[in-house]
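What follows is each chain in one-letter form.
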Amino acid sequence: MMKYFMTDNQVIHEEEKLHDGVWVRMISPTQEECEEIADVLNVDIDDIKAALDEEESSRIESEEGQTLVIVDYPSAEEQADENKTLLYTTLPMGIISTPDYVITVCIEENLTISDMAEGRVKGLQTAMKTRFLLLTLLRIAQRFLVYLKQIDKISSSTEQRLHLSMRNKELIQLLGLSKSLVYFSSSL
C-alpha cells in the first residue's frame, strides 16, 4: 500500500499525486509499487526493499544526494495461545530522504507511522526532511520506552504470581518477556 502525504500550515493531509515536499508512505508495498517509486523518484530499488527484510540491521547510508536510514521499531502482538501472552518484537523501517521527497517503507503498519499520518505528531513538516527523520526516530524511541515499562510491569507481576504458585503459565510468560528483551536489546 502506498499513500502520499503533505503538511500545509501545520496540518497533514493526503495527496493524490507526487510533487515536491510530499511524504511517500509505503506499507508492505508490492513489487510494482517498489519499481514505480524507484523509477519515478530515481531511488535505488534495493534501498526500498531493504526495509522489507525482517533480518535487516539498522544502518545509515548516503550517496548521490539520497540518504537511507534503516531503523528497527518495536511491535507488540498478542499471541493466540490461551494465556493471551504479549510478544514484543522489532521490525525494520526504511526512511529514504531525497532532495524533494521523504519515503518511509515498513513491512506492516506501526503506531509511529499511523500517528504521523493522522496528524498526532506535533511539528511534523513533510518538506523538512531532517526534522521529519528526527521526529520519526524520537517517536520510535518513545515507543521503545513505553514497551520496556510494560515488560517490566508484566515481569514483576508474573514474578510475584510465580512465587505464590509454581505453574507453567507464569514460566511461559516470563520466557516470552525474556525473548522480547533480547529483540529490543539487539535492535537498540
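Residues numbered from 1 in each chain as written. Predicted model: local features only at pLDDT ≥ 70, side-chain atom pairs only at ≥ 80, totals over all residues. Heavy atoms only, no water.

With respect to the packing of aromatic side chains
Applying the stated criterion across every chain yields a total of three aromatic pairs. Between Phe5 and Trp23 the ring centres are 5.2 Å apart and the planes differ by 35 degrees, which places this aromatic pair in the tilted class. Of this pair, Phe5 sits in strand β1 (residues 2-8) while Trp23 sits in strand β3 (residues 23-27), placing them 18 residues apart in sequence. Its relative accessible area of 6% is what places Phe5 among the buried residues. With a relative accessible area of 0%, Trp23 lands in the buried category. (Phe/Tyr/Trp six-rings, centres within 6.5 Å; stacked < 30°, edge-to-face > 60°. Helix = DSSP H or I, 4+ residues; strand = E, 2+ residues; numbered from the N terminus. Buried < 20%, exposed > 50% of the residue type's maximum accessible area, 1.4 Å probe, protein only.)

Focus on a negative patch on the surface
Negative charge collects at one region of the surface, where Asp53, Glu54, Glu55, Glu77 and Glu108 lie side by side. Structurally, Glu108 can be placed in the loop between β7 (102-106) and α3 (111-117). For Glu108, a relative accessible area of 33% gives the class partly exposed. (Patch = residues over 30% accessible without salt bridge, like charges linked within 9 Å, V, L, I, M, F, W, Y side chains within 5 Å. Areas by Shrake-Rupley, 256 points an atom, 1.4 Å probe, with all protein chains shown as cover. Salt bridge = Lys/Arg side-chain N within 4 Å of Asp/Glu carboxyl O. Lys, Arg positive; Asp, Glu negative; His and termini not counted. Charge placed at Lys NZ, Arg CZ, Asp CG, Glu CD.)

Points about the sheet that holds β3
Taken in spatial order, the seven strands of this open sheet run β2-β1-β3-β7-β6-β5-β4, and their pairing is mixed. Looking along the sheet, the strands with just one partner apiece sit at the ends: β2 (11-15) and β4 (59-63). Sheet twist, expressed as the average angle between the axes of neighbouring strands with direction ignored, equals 25 degrees. Taken together, the five bridges between β1 and β2 define a ladder with antiparallel strand orientation. Of the residues in β2, the one forming a bridge with Met6 is His13. (Pairing = 2+ DSSP bridges. Axes fitted to C-alpha atoms, helices over the stretch in contact; angles between N-to-C directions.)

Quick word on the nonpolar core
With 26 residues, the main nonpolar core has Trp23, Met93, Met116 and Leu124 as its most contacted residues. Looking at this core, the elements with two or more residues in it are β5 (66-78), β6 (86-97), β7, α3, α4 (129-164) and α5 (168-187). Considering each element in turn, this core owes the most residues, six residues, to α4. Setting aside residues no more than four positions away along its own chain, Met116 makes contact with Ile12, Trp23, Val121, Leu124, Phe132 and Thr136. Counting residues in each nonpolar core, the second largest holds 20 residues, with Tyr4, Ala38, Leu68 and Ile96 among its members. (Core = buried A, V, L, I, M, F, W, Y, C linked by side-chain atoms within 4.5 Å. Contact = heavy atoms within 4.5 Å.)

Here we look at the pattern of salt bridges
When the charged atoms of two side chains with opposite charge come close together, those side chains can pair. Per the counting criterion, the structure on display carries six salt bridges. Between Arg59 and Glu61 there is a salt bridge, and its shortest N-O distance comes to 2.7 Å. The partly exposed category is assigned to Arg59, whose relative accessible area is 24%. Residue classification places Glu61 among the partly exposed residues on the basis of a relative accessible area of 34%. For the salt bridge of Arg120 with Glu118, the shortest nitrogen-to-oxygen distance reads 2.5 Å. The class of Arg120 is partly exposed, set by a relative accessible area of 48%. Beyond isolated ion pairs, a larger network of salt bridges with shared partners links Asp115, Glu118, Arg120 and Arg139.

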